[in-house]
Amino acid sequence: MPLTGSGGRGAKPATIMASITLHRRLSAALWRRPSLALTATLVPPLAWFVLIYLGALVLLFITAFWSVDALTGEIDRTWTFENFSRILGSPTYRAIALRTIGMAAAVTITDALIAYPFAFFMARIAGPKLRVTLLTLVLLPLWSSYLARVYAWRLILAHDGVLNWALNSIGLPDLDIGYSRWAMWIVFSYIWLPFMITPLYTALERIPHSLFEASEDLGARSWRTFGRVVLPLSLPGLVAGSIFTFSLTLGDYITPVLVGGPGSDFIGNVVYANVGIANNVPFAAAYAAIPLIVMALYLTLARRLGASDAM
Amino acid sequence: MPSRFARILLALWSGIVLAFLFGPIAVIALYAFNASNIQTWPIPGFSLRWFVSAWNNREIRAALGLSLQAGVIATAIAVVLGTAAAFAVHRFRFVGREAVSFVVALPIALPGIITGMALNSFFATAGTGLSFGTIVVGHATFCIVVVYNSVLARLRRLPSSLGEASQDLGADAWRTFRLVTLPLISTSLISGAILAFALSFDEVIVTTFTAGAQNTLPLWIFGAIRLGQRLPEVNVVVLIVTAITFVPVLLAYRLSQRSG
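Note that the structure is predicted; figures quoted are calculated from it, not measured.

Looking at the overall build of chain A
Then, number 1: Helix and strand counts for chain A stand at 13 helices and 2 strands.
Then, number 2: A buried classification covers 41% of the 311 residues belonging to chain A.
Then, number 3: Residue pairs at least 24 apart in sequence account for 72% of intrachain contacts in chain A once pairs closer than 6 positions are excluded.

Given below as C-alpha cells:
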C-alpha cells in the first residue's frame, strides 16, 4: 500500500512534466513546420468534401453513362449514351427541361426588377438606422421556413383564399390560379427575392458617393448617371443575385409539387422519381446533368462579369 | 442624387416590397388561430385548439425531436470543420487555396437536387443505407460553408499582431488560439452556428434524398401539405417553425453587427 501511495504521488508531477514538454515540443514543431498545422486544419474538412461530396458528384456523372438492366434492376456498367439520347429524343423530357429553365429565367428577371429599386432605396436613400432595419427585415424571410412560405401562398391563392376575397370585395371575379404556372412563378419569385436583394444592396452600397457627384458635375441627369455609372457598377451584384435565383429555381422540385397544377413537372421531379420510385439512378444522373451544365455555363459567364467579388 | 419625386417613388416601392415579403407570413399567423378546420378566408373565428392538437400529435413531436437532434449534430460538425477550413485558408498559402471557398460553397451553390443525388449515390455506393446518420452527414455538408464564411470574414478583419503579441509573451499555438483568437472570433462562430442550424432545421430537398423512413419536421410538413391532411395542424407547425427561425436569425444578426 505505501508503495503504490508514494509511487502515485511521485508519478503525478512526472506525468505533468512529460505532458508539458510534449505540449511544448508539439507547439514548437507546429511553429517550425507550419505544414503540420496546415495539415491538421485543412485535411479534415477537405477529406469530408472530397470523400463524401466531390467523389460522389464525379461518380454520379459517370453513372449517367451506365444503364439499368430492365429485368434485374441492377446497374449495368457498360458505357452508353442511351440515357442522353432518350432525353434528347423525347418531347416530354425536352419540354420539362425547357419549362424549368424558362421558369428560372422568368423568376430571375422578375426578382431583379422587384429588388433593384428596393436595394437602391436601402443603399443610397435610407438613413443608417433605417438601412439596418430594412436589411434585417430582408434577411428574416431569407432564413425562415421555405415550406411555410410556399404554404402561405397555397392559402392565399386557394379558391376560398385571400386573393379571391380581395378581388370579390372590389367587384372583380374569381381568379383561380391556385395550381398553375402562374402560382409557381409568384411563389418562386417570392421565395428567392431576398437572395436577389442582398447582393444587389452590397454592390450598390459600395459605390463611392463621389462618383455620383462627379457624374452630376459633368452635367449628367439622374437617369444618365444611373445608366452610365450606377447600373454598370452594380452589375456584379445583379449577376451574383441572379446566380442564386436561377440556381435555386433550377434545382427545386418541392414548389411544383405543392403549387403547380398537373403537367408542371420540373427537372427535379423527374430526377427524384427516377432515384426513388423508378430506381433508375443512371437516367436520373443523366437528366440532372442538364441543370449542372446550365449552371456551369452560367457561372462561367458570371465570372466574366465579375460576380465573384459581390457574392 | 435622384429627384425628390423619384425618392418618394422608391420609398413607396420599398413599402410595397416589404408588404409582399411579410404579407404571406401574416396570413400564416392568422390561419394558425383559425377556429374552423376548413381553410377559408376570412377565418370564421379565433381559437387555440389546433395548438393543443398539434402538441398532442405524436408524429409532429417525433419529427420535431429528430429535426432538433439532426440540426445540433450537423451544426457541431459544421462548426469544427468550417472553422478549421477558415483557419487553414486564412493562415497559410498553399496550392488550391482559392479553390477551397469554391468547393465548400458547392453544396448550396449547385441546384439542390444535384447535392441530394450526389449524397444519395454516395450512401448507396458505400452501402450504408439511409438513416438518421445520413441525414446528419448531408446537413453537415451544406452547413459547413455558413460557418466557414462567417469565421473567415472575421479572421480577415482581425489584426495579425494580436496573435503575434501572444506568442511573443510566451503562449504556445494552442494557448494563443484558446485565449486570444477564439474569444475574438466567438461571436462570428456563434452567428455562423445559429445560421447553420437554421439552414439544417428548414432543409427539405437534400433531406428527401438522404432520409430513409425518418421524418424530419420539414418532411412531415411537406407530406401533410401534399396529401392535404391535417392542414389545421400544419398551420400551427408552420407558424411555430417560422417564429423559431426568426429568433436566432435576429440574434445572429445582432451578434455579427456588434463586432462590426
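Alright, that's what it looks like, and here's the rest.
A word on the overall build of chain B
Then, number 1: Scanning chain B from N- to C-terminus turns up 11 helices and 0 strands.
Then, number 2: When its helices and strands are written in sequence order, chain B yields α-α-α-α-α-α-α-α-α-α-α.
Then, number 3: Counting only C-alpha atoms, chain B reaches 70 × 65 × 30 Å along its principal axes.
Then, number 4: Residues counted as buried form 45% of the 260 residues belonging to chain B.

A word on the nonpolar core
Then, number 1: Counting 163 residues, the largest nonpolar core has A:Ala119, B:Ala78 and B:Met117 as the members making the most contacts within it.
Then, number 2: No other element matches helix H8 (residues 181-206) of chain A, which puts 16 residues into this core.
Then, number 3: Here A:Ala119 is in contact with A:Ile197, A:Leu200, A:Tyr201 and A:Leu204, once residues within four sequence places are set aside.

Observations concerning the environment of A:Phe283
All names here are of chain A.
Then, number 1: Summarising the element assignment, Phe283 is placed in helix H13 (residues 281-304).
Then, number 2: On a C-alpha basis, the gap between Phe283 and Val271 in space is 8.0 Å, while along the polypeptide they are 12 residues apart.
Then, number 3: For Phe283, the contacting residues outside a window of four places in its chain are Asn83 and Asn274.

Quick notes on helix H10 (residues 222-250) of chain A
Then, number 1: Here H10(A) spans only 36 Å end to end across 29 residues, well under the 42 Å set by a 1.5 Å rise per residue.
Then, number 2: Within H10(A), the axis deviates most sharply at A:Leu235, by approximately 45 degrees, and proline A:Pro236 lies no more than four positions further along.

Quick look at the UniProt feature "domain: ABC transmembrane type-1" (unreviewed entry) in chain B
Then, number 1: The sites that carry the UniProt feature "domain: ABC transmembrane type-1" (unreviewed entry) are, in the present numbering, residues 64-252 of chain B.
Then, number 2: Note that residues 64-252 of chain B is 84% helix and 0% strand, and that its end C-alpha atoms are spaced 22 Å apart.

A look at the UniProt feature "transmembrane region" (unreviewed entry) in chain B
Residue and element names in this part refer to chain B.
Then, number 1: Listed under "transmembrane region" (unreviewed entry) in the UniProt record, and renumbered for this structure, are residues 12-33, 66-88, 100-124, 130-155, 176-198, 204-222 and 234-253.
Then, number 2: Structurally, residues 66-88 is divided into 100% helix and 0% strand, and its ends, taken at the C-alpha atoms, are 33 Å apart.
Then, number 3: Overall, residues 100-124 shows 92% helix and 0% strand. The separation of its end C-alpha atoms is 26 Å.

What about the confidence of the model for chain B?
Then, number 1: Per-residue pLDDT for chain B averages 88, and the proportion of residues at 70 or more is 98%.
Then, number 2: Prediction confidence for the complex, expressed as pTM and ipTM, is 0.86 and 0.87 respectively.

Section: the interface of chain B and chain A
Then, number 1: Taken together, the 71 residues of chain B in the interface contact 73 residues of chain A.
Then, number 2: Top element by residues in the side of chain B that touches chain A is helix H1 (residues 4-32) of chain B. It accounts for 14 residues.
Then, number 3: Looking at side-chain class alone, the side of chain B that touches chain A contains 55 nonpolar, 12 polar and 4 charged residues.

Topic: the environment of A:Arg221
Then, number 1: With respect to the secondary-structure elements, A:Arg221 resides in the loop between helix H9 (209-217) and H10.
Then, number 2: Sequence spacing of A:Arg221 and A:Asn83 is 138 residues, and the spatial spacing of their C-alpha atoms is 56 Å.

Digging into helix H2 (residues 34-63) of chain A
Because an α-helix completes one turn every 3.6 residues, residues spaced three or four positions apart along the sequence face the same direction.
Residues and elements named next belong to chain A.
Then, number 1: Look at H2: 40 Å from first C-alpha to last across 30 residues, which is about the 44 Å you get at 1.5 Å a residue.
Then, number 2: The largest bend along H2 measures about 40 degrees and falls at Val50.
Then, number 3: Within H2 the residues assigned to the buried category are Thr41, Leu42, Pro45, Leu46, Trp48, Phe49, Ile52, Tyr53, Ala56, Leu57, Leu60 and Thr63.

Re the packing of helix H4 (residues 91-125) of chain A against H1(B)
Then, number 1: Orientation of H4(A) relative to H1(B), taken along the N-to-C sense of each, is 115 degrees, at an axis distance of 9 Å. Seen along the crossing, H4(A) lies across H1(B) with a hand that is left-handed. Packed against H4(A), whose contacting residues are A:Ile114, A:Pro117, A:Phe118, A:Phe120, A:Phe121 and A:Ile125, the element H1(B) presents B:Arg7, B:Leu10, B:Ala11, B:Trp13, B:Ser14 and B:Val17 at the interface.
Then, number 2: For the contact of H4(A) with H1(B), the residue count by class is 10 nonpolar, 1 polar and 1 charged.

Focus: unusual backbone geometry
Residue and element names in this part refer to chain B.
Then, number 1: A cis amide bond, omega -5 degrees, links Trp41 with the succeeding residue Pro42.
Then, number 2: Note that Pro42 resides in the loop between H1 and helix H2 (49-55).
Then, number 3: Although it is not a glycine, Arg230 adopts a positive phi angle of roughly 55 degrees.
Then, number 4: Relative to the helices and strands, Arg230 resides in the loop between helix H10 (217-227) and helix H11 (231-258).

Remarks on the confidence of the model for chain A
All names here are of chain A.
Then, number 1: Looking at chain A as a whole, its pLDDT mean stands at 85, while 88% of the residues score no less than 70.
Then, number 2: Across chain A, element-level confidence peaks in H4 with a mean pLDDT of 96 and bottoms out in helix H1 (residues 2-32) with 57.
Then, number 3: Scored below 50 in pLDDT, residues 1-11 makes 0 contacts in the model with residues more than four places away or belonging to other chains.

Cut-offs used in this document
Per chain, residues are indexed from 1 in the order of the written sequence. In the order they appear in the text, chains get letters beginning with A and ligands get numbers beginning with 1. Local features are withheld for residues below a pLDDT of 70 in this predicted model, meaning they are given only at 70 or higher, and side-chain atom pairs are given and counted only at 80 or more; totals for whole chains, interfaces and linings count all residues. Where helices and strands are cited, they refer to DSSP runs of H or I of at least four residues and of E of at least two residues respectively, numbered from the N terminus. Counting other C-beta atoms within 10 Å of its own, a residue is labelled buried from 20 upward, exposed at 12 or fewer, and partly exposed in the gap between, with every C-beta atom placed from the backbone. Whether two residues are in contact is decided by their C-beta atoms, placed from the backbone, lying within 7 Å. Structurally, a nonpolar core is described as a collection of buried Ala, Val, Leu, Ile, Met, Phe, Trp, Tyr and Cys residues joined by way of C-beta atoms within 7 Å. By this rule, a helix spans an expected 1.5 Å times one less than how many residues it contains. By definition, a residue's bend is the angle between the axes fitted to the seven residues ending there and the seven starting there. UniProt positions are given in the numbering used here, feature names are shortened, and annotations may be inferred rather than shown by experiment. Here pLDDT means the predictor's own confidence in every residue, given as a number from 0 to 100. In this count, Pro and Cys sit with the nonpolar residues alongside Ala, Val, Leu, Ile, Met, Phe, Trp and Tyr, while Asp, Glu, Lys and Arg are called charged and the others, Gly among them, polar. All axes are obtained by fitting lines to C-alpha atoms, using only the stretch in contact for helices, and the reported angles, taken between N-to-C directions, cover 0 to 180 degrees. Note: crossing handedness is left-handed where the near helix turns anticlockwise from the far helix by less than a right angle, and right-handed where it turns clockwise.

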